[in-house]
Protein chains: 2
Amino acid sequence: MREIAIVGIGQTPVGEHWDKSLRELAGEALMSALLDAGRERVDGLFIGNMLSGMVNRQENLGALIADWVGLRGVEAFKVEAACGSGAASLRVAMMAVSSGEMDSAIALGVEKMTDTRGSDTTAALATAADADYEAAMGLSFVAINALVMQRYLYEYGWKHTDFAPFSINAHSNAMHNPFARLRETISEKDYHKARMVADPINLLDASPIGDGAAAVVVVPAQSLRTNGKGRPKVVIAGSATSTDALAVHDRPDPIWLSAAERSAQRAYAQAGVTPNDIDLFELHDAFSIMSALSLEACGFAERGQGPRLALDGEITPAGRIPITTLGGLKARGHPVGATGIYQIAEVVQQLRGEAGPTQIDGAKTGMAQNIGGSGATIVTHILKAY
Amino acid sequence: MREIAIVGIGQTPVGEHWDKSLRELAGEALMSALLDAGRERVDGLFIGNMLSGMVNRQENLGALIADWVGLRGVEAFKVEAACGSGAASLRVAMMAVSSGEMDSAIALGVEKMTDTRGSDTTAALATAADADYEAAMGLSFVAINALVMQRYLYEYGWKHTDFAPFSINAHSNAMHNPFARLRETISEKDYHKARMVADPINLLDASPIGDGAAAVVVVPAQSLRTNGKGRPKVVIAGSATSTDALAVHDRPDPIWLSAAERSAQRAYAQAGVTPNDIDLFELHDAFSIMSALSLEACGFAERGQGPRLALDGEITPAGRIPITTLGGLKARGHPVGATGIYQIAEVVQQLRGEAGPTQIDGAKTGMAQNIGGSGATIVTHILKAY
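1. Overview of the overall build of chain A
- If you tally the helices and strands in chain A, you get 13 helices and 11 strands.
- Whereas a compact globule of 386 residues would reach a radius of gyration of roughly 21 Å, chain A reaches 19 Å, a difference of no more than 12%.
- Here the C-alpha coordinates of chain A stretch approximately 55 × 45 × 40 Å along the principal axes.
- Taken across its 386 residues, chain A has 68% of its residues classed as buried.
- Total accessible area on chain A is roughly 12,200 Å²; 50% of this is exposed by carbon and sulfur atoms.
- Looking at charge distribution, chain A has the averaged site of its 33 positive side-chain charges lying 4 Å from that of its 43 negative ones.

2. Notes on the relation of the copies chain A and chain B
- Superposing chain A onto chain B takes a rotation of 180° plus a shift of 0.0 Å along the axis, which leaves an RMSD of 0.0 Å. Accordingly, the operation relating the two chain copies is best matched by a two-fold axis. Scanning chain A for the C-alpha nearest the rotation axis identifies Ser99 of chain A, at a separation of 1.8 Å.
- Of the residues that chain A buries at the interface, 100% are likewise interface residues in chain B, meaning the two copies contact each other through the same surface.

3. Structural notes on the interface of chain A and chain B
- Listed as interface residues are 64 residues of chain A and, on the opposing side, 64 residues of chain B.
- Together, the buried faces of chain A and chain B total about 4,600 Å²; carbon and sulfur atoms form 51% of this surface.
- Taken together, the links from chain A to chain B amount to 10 salt bridges.
- On inspection of chain A and its partner chain B, the count reaches 36 residue pairs in polar contact (both at pLDDT 80 or more).

4. What to know about the pattern of salt bridges
All names here are of chain A.
- Counted according to the given criterion, the structure contains 44 salt bridges over all chains.
- Residues Asp36 and Arg352 are paired through a salt bridge, measuring 2.9 Å at the closest nitrogen-oxygen approach. Placement of Asp36 in helix H1 (residues 22-37) and of Arg352 in helix H13 (residues 339-352) is noted, with a sequence separation of 316 residues between them.
- For Asp36, a relative accessible area of 14% corresponds to the buried category.
- For Arg352, a relative accessible area of 11% gives the class buried.
- One network of salt bridges, in which partners are shared, links Asp36, Arg231, Arg352 and Glu354.

5. Focus: the nonpolar core
- Phe163, Leu295 and Phe300 of chain A together with Phe163, Leu295 and Phe300 of chain B are the most contacted members of the largest nonpolar core, which has 134 residues in total.
- Leaving out residues up to four positions away in the same chain, Leu295 of chain A has contacts with Phe166, Phe281, Leu283, Phe300, Ala301, Leu309, Ile315, Ile321 and Ile323 of chain A.
- In terms of nonpolar packing, the next biggest core, distinct from the first, is built from 80 residues, Ile341, Ile360 and Ala368 of chain A together with Ile344 of chain B among them.

6. Description of helix H6 (residues 141-156) of chain B
Residue and element names in this part refer to chain B.
- Taking 1.5 Å per residue, 16 residues should reach 22 Å; H6 reaches 23 Å between its end C-alpha atoms and fits that length.
- For H6, the complete set of buried residues consists of Phe141, Val142, Ala143, Ile144, Asn145, Ala146, Val148, Met149, Tyr152 and Leu153.
- Of the surrounding elements, those touching the buried residues of H6 are helix H5 (118-125), strand S5 (196-198), strand S6 (201-202), helix H10 (288-297) and helix H11 (306-311).
- Gly157, located one to two residues past H6, shows a positive phi value of around 80°.

7. Topic: the environment of Ile315 of chain B
All names here are of chain B.
- Looking at the secondary structure, you find Ile315 in the loop between H11 and helix H12 (328-332).
- As a C-alpha pair, Ile315 and Asn169 span 146 residues in sequence and 7.6 Å in three-dimensional space.
- Every residue in contact with Ile315, bar those within four places of it in the chain, is listed here: Pro165, Phe166, Asn169, Leu295, Leu309, Ala310, Ile321, Pro322 and Ile323.

8. Re the confidence of the model for chain A
- With 99% of its residues at a pLDDT of 70 or more, chain A shows a mean pLDDT of 97.
- Of the two predicted TM-score estimates for the complex, the pTM is 0.98 and the ipTM is 0.97.

9. Examining the side chain of Thr12 of chain B
- Mapped onto the elements of the fold, Thr12 of chain B is located in the loop between strand S1 (4-11) and helix H1 (22-37).
- If sequence neighbours within four positions are ignored, Thr12 of chain B has contacts with His17, Leu25, Glu28, Ala29, Phe179, Gly212, Ala213 and Tyr342 of chain B.

10. Quick look at the side chain of Asn177 of chain B
Residue and element names in this part refer to chain B.
- Mapped onto the secondary structure, Asn177 falls in the loop between helix H7 (164-174) and helix H8 (188-193).
- With a relative accessible area of 1%, Asn177 lands in the buried category.
- Here Asn177 is in contact with Arg183, Leu326, Arg332 and Glu346, once residues within four sequence places are set aside.

11. Remarks on unusual backbone geometry
Residue and element names in this part refer to chain A.
- Asp199 connects to Pro200 through a cis peptide bond whose omega is 10°.
- Here Pro200 is to be found in the loop between strand S5 (196-198) and strand S6 (201-202).
- Positive phi is not limited to glycine here, since Thr324 has a value of about 40°.
- Checked against the element boundaries, Thr324 lands in the loop between helix H11 (306-311) and helix H12 (328-332).
- For Thr324, a relative accessible area of 1% puts it in the buried group.

12. Some thoughts on the state of the cysteines
Residue and element names in this part refer to chain A.
- Scanning the model with the defined rule gives zero disulfides over all chains in all.
- The closest cysteine sulfur to the non-disulfide-bonded Cys83 is located on Cys298, 17 Å from its own sulfur.
- For Cys83, a relative accessible area of 5% gives the class buried.

13. Section: the packing of aromatic side chains
- Applying the stated criterion to the full structure yields 10 aromatic pairs over all chains.
- Centroid distance Phe163 of chain A to Phe166 of chain A: 6.1 Å. Interplanar angle 40°. Geometry classified as tilted.
- On the accessibility criterion, Phe163 of chain A (0% relative accessible area) is buried.
- Ring geometry for Tyr152 of chain B and Tyr156 of chain B: centres 5.0 Å apart, planes at 65°, overall edge-to-face. Taken together, the residues Tyr152 of chain B and Tyr156 of chain B, both in helix H6 and four residues apart, mark about one turn of the helix.

14. Considerations on helix H7 (residues 164-174) of chain A
Residues and elements named next belong to chain A.
- When you tally the buried positions in H7, you get nine out of 11 residues, the bulk of the element.
- For H7, every residue scored as buried is listed here: Ala164, Pro165, Phe166, Ser167, Asn169, Ala170, His171, Asn173 and Ala174.
- Where the residues of H7 are buried, they touch helix H8 (188-193), helix H10 (288-297), H11 and H12.

15. Focus on the packing of helix H6 (residues 141-156) of chain A against H10 of chain A
Residue and element names in this part refer to chain A.
- Contact geometry of H6 with H10 gives a least axis separation of 9 Å together with a crossing angle of 60°. Put simply, H6 runs oblique to H10. Seen along the crossing, H6 lies across H10 with a hand that is left-handed. Judged by residue contacts, Asn145, Val148, Met149 and Tyr152 of H6 engage Ser288, Ile289, Met290, Ala292, Leu293 and Glu296 from H10.
- Each residue belonging to the contact of H6 with H10 can be placed in one class, and the counts come to seven nonpolar, two polar and one charged.

Reading guide: rules and limits
Residues numbered from 1 in each chain as written. Chains lettered and ligands numbered in written order. Predicted model: local features only at pLDDT ≥ 70, side-chain atom pairs only at ≥ 80, totals over all residues. Heavy atoms only, no water. Helix = DSSP H or I, 4+ residues; strand = E, 2+ residues; numbered from the N terminus. Rg over C-alpha atoms; globule rule 2.2 N^0.38 Å. Buried < 20%, exposed > 50% of the residue type's maximum accessible area, 1.4 Å probe, protein only. Areas by Shrake-Rupley, 256 points an atom, 1.4 Å probe, with all protein chains shown as cover. Lys, Arg positive; Asp, Glu negative; His and termini not counted. Charge placed at Lys NZ, Arg CZ, Asp CG, Glu CD. Least-squares fit on C-alpha atoms with pLDDT ≥ 70 in both. Contact = heavy atoms within 4.5 Å. Buried area = accessible area lost by both parts, 1.4 Å probe. Salt bridge = Lys/Arg side-chain N within 4 Å of Asp/Glu carboxyl O. Polar contact = N/O pair within 3.5 Å; in protein donor to acceptor, adjacent residues only side chain to side chain. Core = buried A, V, L, I, M, F, W, Y, C linked by side-chain atoms within 4.5 Å. Expected span 1.5 Å × (residues − 1). pLDDT = per-residue confidence, 0-100. Disulfide = S-S within 2.5 Å. Phe/Tyr/Trp six-rings, centres within 6.5 Å; stacked < 30°, edge-to-face > 60°. Axes fitted to C-alpha atoms, helices over the stretch in contact; angles between N-to-C directions. Parallel < 35°, antiparallel > 145°, perpendicular 65-115°, else oblique. Left-handed = near helix turned anticlockwise from the far one by under 90°. Nonpolar A, V, L, I, M, F, W, Y, C, P; charged D, E, K, R; others polar.

Quick look at the structure:
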């Protein structure tokens with residue numbers, strides 16, 4: 001199996017891009033990644049997207065986008081794993097290149113979700129959950145996460161207010177990220193007075209949706225003669241997916257992300273590292289509760305102790321395990337199928353030392369974790385810089 | 001790159017399965033493939049499906065189906081390339097195993113499309129075309145194919161009636177296939193008097209949709225010590241995808257499937273064969289015109305001469321290049337995202353000598369071609385038996 005390097009990244013700002021079509025957003029991120037890689041083309045294109053059929057009435061994105069960017073003819077498919085679609089598309093791009101089927105590929109995440117009625121988007125997002133046993137009961141996606149958070153507060157005795165640092169940190173880190181949707185700091189007071197969405201999740205526990213696209217170019221690491229442009233070489237040192245029951249009620253423990261634990265353990269073993277070696281962690285903070293659960297499942301906190309890390313300031317850029325260093329889902333925004341690739345691009349920025357004011361000093365090993373459904377499909381990547 | 005063998009196949013009948021949910025259909029085909037392979041589990045699951053979000057309000061099929069069949073935890077994603085989703089999922093399963101990421105995988109195609117209003121299904125199928133430049137003009141998917149057929153008749157001087165043998169052959173071959181939806185022969189008279197759908201495509205030019213699922217188990221060929229159960233060993237000798245412009249009007253020649261030509265040429269080269277070596281060809285006869293175009297693009301007929309092969313009887317089981325040997329899309333039925341895997345399973349049946357009354361004598365090399373959109377994403381596989 002060939003080791004894979006990431007040699008180019010591209011991102012569009014996350015926002016309400018009513019003036020740009022889905023293909024235009026995708027093309028912007030893709031061309032920007034090619035430019036960053038100093039390449040004119042790749043052999044394959046794998047597109048992470050969840051909602052294009054339901055929301056944009058457009059499937060077959062592979063051929064559509066390949067043609068749009070001048071890559072007519074290359075192998076191109078859409079890969080879907082709900083909000084984990086982005087990282088899933090990177091898994092496929094990686095396997096395509098590491099198998100020797102091709103020598104270069106782009107994993108592109110794209111989602112355009114603000115041109116439709118909010119209720120339609122909410123209904124479309126509910127397809128990430130179990131249609132027959134969750135959605136059919138009237139549970140929206142935020143409602144499912146609210147039940148999980150309720151249970152967590154009950155089991156471990158935390159108060160809602162203990163989750164404030166997750167959102168405050170994410171907003172603070174997004175301030176200088178030109179691709180972030182919400183570039184404004186929030187205070188603890190803002191957090192407390194935010195209006196309720198689904199008890200106990202309020203507006204500042206929840207990530208905003210958005211339109212956006214991000215892309216990364218992957219090639220065999222051995223093909224790189226030099227580091228290129230004086231940049232460090234960034235390789236995928238660990239990469240693993242695990243699944244869990246789609247419906248939360250089907251899991252033995254509804255407040256433990258076992259797919260996060262399994263995929264992280266596999267990625268640690270591949271990369272030959274432990275949680276102590278991780279310099280930053282782009283986790284999937286779709287809701288503040290998910291930050292706590294991910295930190296615990298991946299071994300950064302004891303079971304039930306995720307909020308403690310946040311309260312102690314250990315998740316900030318100066319802390320022990322900086323998370324959401326460029327804003328996370330909470331403040332960069334969550335264009336669902338694109339998010340997994342934004343996370344990867346952000347880890348690459350950190351490992352290159354190009355992350356701006358929230359640069360983690362000396363970052364050499366970064367982790368990204370993308371989640372589809374309420375913990376059902378979890379993809380973990382560990383990147384290293386040489 | 002490891003050579004890949006197909007060691008198990010499973011299919012459900014194509015029909016209107018109002019008594020079975022999407023996960024139940026998928027599970028039936030998958031368990032049947034595992035049983036056929038004599039295995040209890042696989043390391044990964046890649047699901048070809050186009051419409052589950054729009055029609056079944058269910059995405060994240062990977063985790064859903066993995067859990068349903070007792071494979072909770074394995075890597076599992078959905079792969080989408082419109083009606084080419086099935087073969088696309090096999091591409092991903094192949095690359096996952098050939099890269100060494102895993103030692104076994106299932107490619108599963110599933111589609112459940114008859115529980116909804118027909119107009120909703122038609123609108124959902126139109127997402128395979130260009131939403132902004134085709135569907136937005138009111139073009140349904142059959143209307144696009146009708147324009148292609150019109151142009152073909154005009155350019156080459158064929159009459160509509162010259163396409164009758166394609167449909168007659170497909171129906172005749174489906175008679176003994178227990179998984180086929182339309183097990184009834186049709187006559188030339190039936191073809192002529194069939195009611196018009198979109199001029200010149202009539203009801204007997206068009207394949208019926210349906211609910212169905214099919215699955216194949218792939219492993220590294222080198223892992224097989226014996227042929228197992230006295231069956232020949234079936235390997236994937238050629239496998240390639242090519243894309244074209246999504247909108248037909250964007251192609252230099254709207255009646256030439258250049259993505260079929262490119263993917264077939266690549267597959268021939270990989271397998272070290274020419275069209276003369278192909279014993280049977282499961283092509284993508286969504287409409288009768290597509291049979292002619294595929295035969296031409298893959299080198300079985302000169303440009304504009306596809307119907308000649310059919311009129312000469314060369315496409316029947318006794319002919320030079322038997323096609324749709326177990327009914328094809330036309331008579332086995334076309335559960336869109338599942339079709340590409342049905343085709344592969346049927347080629348395997350032929351190569352094992354298990355195809356029943358339409359068995360092709362001494363078949364050693366079989367080809368399958370799956371098309372997403374009106375020729376936009378085309379995946380060609382060549383299987384060989386040893």
